[in-house]
Amino acid sequence: MKNGWCRRSLPAVILLWLCWVGLSSGQGASNGGIRGLVYDADFDVPLAGVRVEIAGTRHTALTSDAGNFVLEQLPPGKYTVVCSKAGYQRRVIADVAVSPGRLSELRVELSIAVLEMDELVVTGDDFLSGTEVDLLEIRASAVTLQDAISSELFKKADASDVAGAIKMVVGASVVDGKYATVRGLSDRYTGTTLNGIRVPSADPRKRAVQLDVFPTGTVESITVTKTFTPDLQGDFTGGGVDVRTKSIPENYLLSTSVAVEYDDLATGNGEFLTYRGGGVDPTGFGGSDRSMPDVGRVELTKSFSAIRYRPRVLPADLEAALAYDKLTRMFVPVMGTSRKTAPANGSFSLVSGNKYSIGAWGRIGVLGALSYSHKYHYYDDGINNKVGVSGSDGAITLLRPRTDSKGTDELLIGGLGALVFQPNDDHEFTLRFVGNQSASDEARFQVSDDGSSVEQINVIQNQSLRYVERTVASLQLQGKHDFEGWPVGDGLHLDWSVASNLTRQKEPDVRFFRNLFTYFTERGFGVAQFRTSGVSPSSSTRRIFREIEETGMVYAANAELPLRVLGDREARLKGGFYFEDDDRTYEQESFFYDFPSRQCCRNPERIENRSRFSWITEDPAALWSDVFLDADRIGLAPNVDSPHVADNQLLWTLTPLNQDVDYVGRQRIGAFYLMAEWPLLPSLKLVAGGRWERTELGVIPAGPAGRVEIIEVRPESGDRGIVEVPEEEGVARIDDRSVLPSVGLIWELRDGMQVRASWSRTLARPTLRELAPVATEEFLFGDEFVGNPRLEMSKITNWDLRWEWFRRPGEVLALSVFRKKIDKPIEYLNFGAAGRSFTQPVNFDTGRILGVEAEARAPLDRFGRRLRHFTVSANYTWLDSEVDIPGFEQEALAAFALGRDRRALAGQPASIANFNLSYDNEDTGLSASVFYNRVGERLRAGAAVGDVETGGVPDALEAPFSSLNVKVSQKLGAVTSLSLSAKNLLADDKQVVYRTPEGAEAIKSLVPTARRYKIALRWSW
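In short, a report on the structure.

So, how was this worked out
Residues numbered from 1 in each chain as written. Predicted model: local features only at pLDDT ≥ 70, side-chain atom pairs only at ≥ 80, totals over all residues. Heavy atoms only, no water. Helix = DSSP H or I, 4+ residues; strand = E, 2+ residues; numbered from the N terminus. Buried < 20%, exposed > 50% of the residue type's maximum accessible area, 1.4 Å probe, protein only. Contact = heavy atoms within 4.5 Å. Arc of directions from axis to C-beta. Pairing = 2+ DSSP bridges. Axes fitted to C-alpha atoms, helices over the stretch in contact; angles between N-to-C directions. Lys, Arg positive; Asp, Glu negative; His and termini not counted. Salt bridge = Lys/Arg side-chain N within 4 Å of Asp/Glu carboxyl O. Polar contact = N/O pair within 3.5 Å; in protein donor to acceptor, adjacent residues only side chain to side chain. Core = buried A, V, L, I, M, F, W, Y, C linked by side-chain atoms within 4.5 Å. Phe/Tyr/Trp six-rings, centres within 6.5 Å; stacked < 30°, edge-to-face > 60°.

### Notes on the environment of D594
Here D594 shows up in strand β28 (residues 569-594). Taking the relative accessible area as the measure of exposure, D594 reaches 17% and is therefore buried. Residues D594 and T653, spaced 59 residues apart in sequence, show a C-alpha to C-alpha distance of 5.4 Å. Ignoring any residue separated from it by four or fewer positions in sequence, one finds D594 in contact with F304, P537, L651, W652, T653 and T655.

### Examining helix α8 (residues 887-894)
Those residues of α8 not exposed but buried are E889, A892 and L893. Buried residues of α8, viewed axially, fall in a sector of 95 degrees; they line one side. Buried-residue contacts for α8 involve β34 (720-726), β41 (826-833) and β48 (938-945).

### Some points on helix α6 (residues 604-611)
Along α6, the residues that are buried comprise E605, R606 and N609. The buried residues of α6 occupy an angular sector of 100 degrees when the element is viewed end-on, so they sit on one face. More than 90 degrees from the buried face of α6, the exposed residues found are P604 and I607.

### A closer look at the sheet that holds strand β4 (residues 68-74)
The strands that make up a sheet pair up through hydrogen bonds in the backbone, lying either parallel or antiparallel. Strand order in the open sheet formed by three strands is β4-β1-β7, with mixed pairing between adjacent strands. The sheet is open, and its two borders are formed by β4 and β7 (103-110), each paired with just one other strand. Neighbour-to-neighbour, the strand axes of this sheet turn through a mean angle of 20 degrees, independent of strand direction. Of the pairings in the sheet, the one linking strand β1 (residues 32-40) to β7 comprises eight bridges and is parallel in character. Counterpart to D40 in the pairing with β7 is L110.

### Let's talk about the side chain of D409
Within the secondary structure, D409 is located in strand β22 (residues 403-424). At 4.8 Å, K340 is the nearest oppositely charged side chain to D409, a buried residue that forms no salt bridge. Reaching out from D409, the side chain makes a polar contact with the backbone nitrogen of V280 at a distance of 3.3 Å. Not counting residues up to four positions away in its chain, the partners in contact with D409 are F272, G279, V280, H374, K375, Y376, A439, S440 and D441.

### Description of the nonpolar core
By size, the foremost hydrophobic cluster in this structure holds 34 residues, and its most contacted members are F331, Y593, W624, F628, L650 and W652. Contributing elements (two or more residues each) for this core: α5 (315-330), β25 (492-520) and β28. Here this core takes four residues from α5, the largest share from any one element. The contact partners of W652, leaving out residues within four places of it in the chain, are T328, F530, Y593, D594, F595, R612, F613, W624, F628, R633, I634 and G635.

### Digging into the packing of aromatic side chains
Considering all chains together, one arrives at 27 aromatic pairs under this definition. For the pair F785 and Y828, a centre-to-centre distance of 5.6 Å together with 65 degrees between the ring planes defines the contact as edge-to-face. Residue F785 is found in strand β38 (residues 783-786), and its partner Y828 is found in strand β41; the two are separated by 43 residues along the sequence. For F785, a relative accessible area of 5% corresponds to the buried category. One aromatic cluster in this structure is built from F513, F530, Y593, F595, F613, W624, F628 and W652.

### Brief notes about the sheet that holds strand β3 (residues 60-62)
The four strands lie next to each other as β3-β2-β5-β6, forming an open sheet whose pairing is antiparallel. Two strands close off the open sheet at either side, each with one partner strand: β3 and β6 (91-98). When the angles between neighbouring strand axes are averaged without regard to direction, this sheet yields 25 degrees. Across six bridges, the pairing between strand β5 (residues 77-84) and β6 is antiparallel. Paired with Y79 across the bridge in β6 is V96.

### Points about the pattern of salt bridges
By the definition in use, this model includes 49 salt bridges. Ionic pairing is found between R848 and D884, a salt bridge with its closest N-O pair at 2.9 Å. With R848 in strand β43 (residues 846-859) and D884 in strand β44 (residues 870-884), this pair connects stretches of sequence that are 36 residues apart. The class for R848 is buried, based on a relative accessible area of 18%. Here E1001 makes a salt bridge to R995, at a shortest N to O gap of 2.8 Å. Overlapping salt bridges bring together R848, E882, D884, D901 and R902 as one network.

### Comments concerning the side chain of R802
Looking at the secondary structure, you find R802 in strand β39 (residues 794-805). Note on R802: relative accessible area 2%, which makes it buried. Here E804 takes part through its side chain, which lies 3.4 Å from a polar atom of the side chain of R802. Here S816 takes part through its side chain, which lies 2.8 Å from a polar atom of the side chain of R802.

### Looking at the environment of R610
By the element assignment, R610 lies in helix α6. Each C-alpha atom, one on R610 and one on F595, is 9.2 Å from the other, the two residues being 15 residues apart in sequence.

What follows is the structure, given as structure tokens:
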């Protein structure tokens, strides 16, 4: 797969070289330019940081400290120059003449006075969109309803990755610290692109990209598009999240920062949970140390149960016993947790770049960025419970209460490299590589009371060790071209992209260990053993090796033609195509420890061997996992040479589970679109078009002996059970062709104030993981996620209305109302079957969402000079959703007093609120910010009925969660700044509760959260 990814990347590199050679000679020596100065009109002093651009083109410059700017490589003609800076009114200078081979001189004054201006044309990928003012200007001129946040805001909020930053977008929230949800719709309805190119997810359970693998040190801005237009992906229903990486600076740039962070639950805590040999490698590639030994891949000649233990040893039995002994001893002898003291968190970032002139060849730009962070997270006294409803009264029974603790050691490395070639001002080629590597090592320990008394303590100890390594890499080649002189318009713009993507998630040697520990208080000793009643050996220990790899190619092209219609008004036609081809492989191999039960004869050696089936200790705090894999407790018994013991006597022995299901999956998406922006009146614009999109999704499983397990629903009762079927019945295939229309109106009520209305149709796809009949779990007897090969795609109809007022640079007021109707929504159900707890995606019939968004952002200088350095921003989103529950589900739930005809959509919060107050004083170099975020209650998984023995499981809902962050930064000179920040000052618990329709509740999980305090130094040249 790796070599295939490299082969797919080679055409992109060749194409870049061909374009370079073909177009580098296309510039003429007769081009000219514009050189000028920008001054403050009131104080007659030069202005630095003013954006100067040629309206309707991509020619842009930024004034120096002396107010100077130069715009070069302009063909002869007349141009409109636009100058803008935060706090100043934009200035438009029309008919600036450019002569061949000469620089025209221009002096511009900016003032606070209100001026009437021509239309400002700003492209969505403007390389100066790193400030909030720039992004608001882009948002005001965009044809879609969108919100954005910039790298400027990342720094103020001290967001270290994109997942932490996107929470500040109106109507956006983050699930599990990784996945964006927009307008209450779960991650499946939110598409994620990198520089406009879709990248696949490294998580087998999600379609959404894991945003925590993108460090903000390599990101310029994040734009969330909330309405669909045909030039966007067909699954951009809740929103399309586009992460824009750093652009090439016009001048030399070198910026670096280092930071140290204190976590009040983890840092310096000597009880931090880990295990022997645990922890992440500083490079993020430590998974190879945990790889399965080669001996584990050898097919054993004889099954474990087939070996007979008898005085007369058969050669075949001895050969098999030796093979099992070798297999057992080759694996790392660690199965349980231990403790250590966690160090402080640390991070580092470096960004450098420049743009160079290469004479007649044009210009080239280079940029490199590196981000590194190493963090420790820990909580104790958490809760993780399982409940059920077995009677018709709806009473909740606590089936398996557990206390919960977890320690996580995580590393994130992000890298960005970009090369830009501009043979002239009309053509640009960019070759960009984005690579992110993350690793997390998690140790978890749970204890449940199994009926303790004064005389004896009975607890079940549940431990899991889980190392996860994730890789996201994308090699992107993009081109942008402007062709002037078209008779019907001002010029044709063409952009295209070719990308080769790779994502990989490795989980080498995940280890589970679950045992019963009974301590006799009066006798002063305890006995550890596996619960044997109704529980198989494979349900007590497990070692899992899992790897998911996905490779893909993306091809896209867009052509845009501006026109002059209806009295010289501007219109645009746009069309293009998109093609994506992704292949995924999923491989898993599992083992467990077994102990022979066939032992005859009552001699001392046999009795000694039998004693290793359990463990006796005088220490009530000791763990059986500490000694379980001692050399004299595993494989061939140490007394094997005794005349009274057979030569093939095995103790605890590692055995293949032989129940793993692998799969291969493929996703192909092809699309064509055509759209138009057309002026109907001087103040009214129509944006309309359609997108044709074909989706091919397929999963082919491979199970042991050609069979797989699926969840079967019995329509007559609504009960669910596990059935084994031929793997052919587990094959999933989707072939869908959809026409996705979109119609929108933009009505400009006055300068800076507009109303947007739109109607569109979109879709949502299941993930390959959701289609695959594979069950995965985080710990033994925890929730197992199992796929559903019968899933169908969802189709959505969207209505949107927004009023927004951009009163001056940096200021906005907005109010939005939206409604969505979803056919065949994919929902998650939680139920029990065969003594196990499952979460499964299913299609319901119809779902609906109604939402309202309100936003205000403004500098406070209008309220007095003392407040001129303050800016306030607030937004609130109210959401109401419901989904119709199928009739047979209602009847099944009614038997346990859980029935109703509708409930909320899964993953949709009831409300989202954000508040930000910032202070920026350029004179003193002091800045400070306060950020508050609150996400309301949302449904994690809906109620469902399992088998007869398990009964019903109520809805599981995430409780509201609030966070408060503060940051203060002070410049210490021309290039140095120091910042102090405090995150999650409220330290709310993250809680999930079970709830019945009558309001009865029980805790499903509770996780304490930490306050974090960070100090950082930054240098920028």
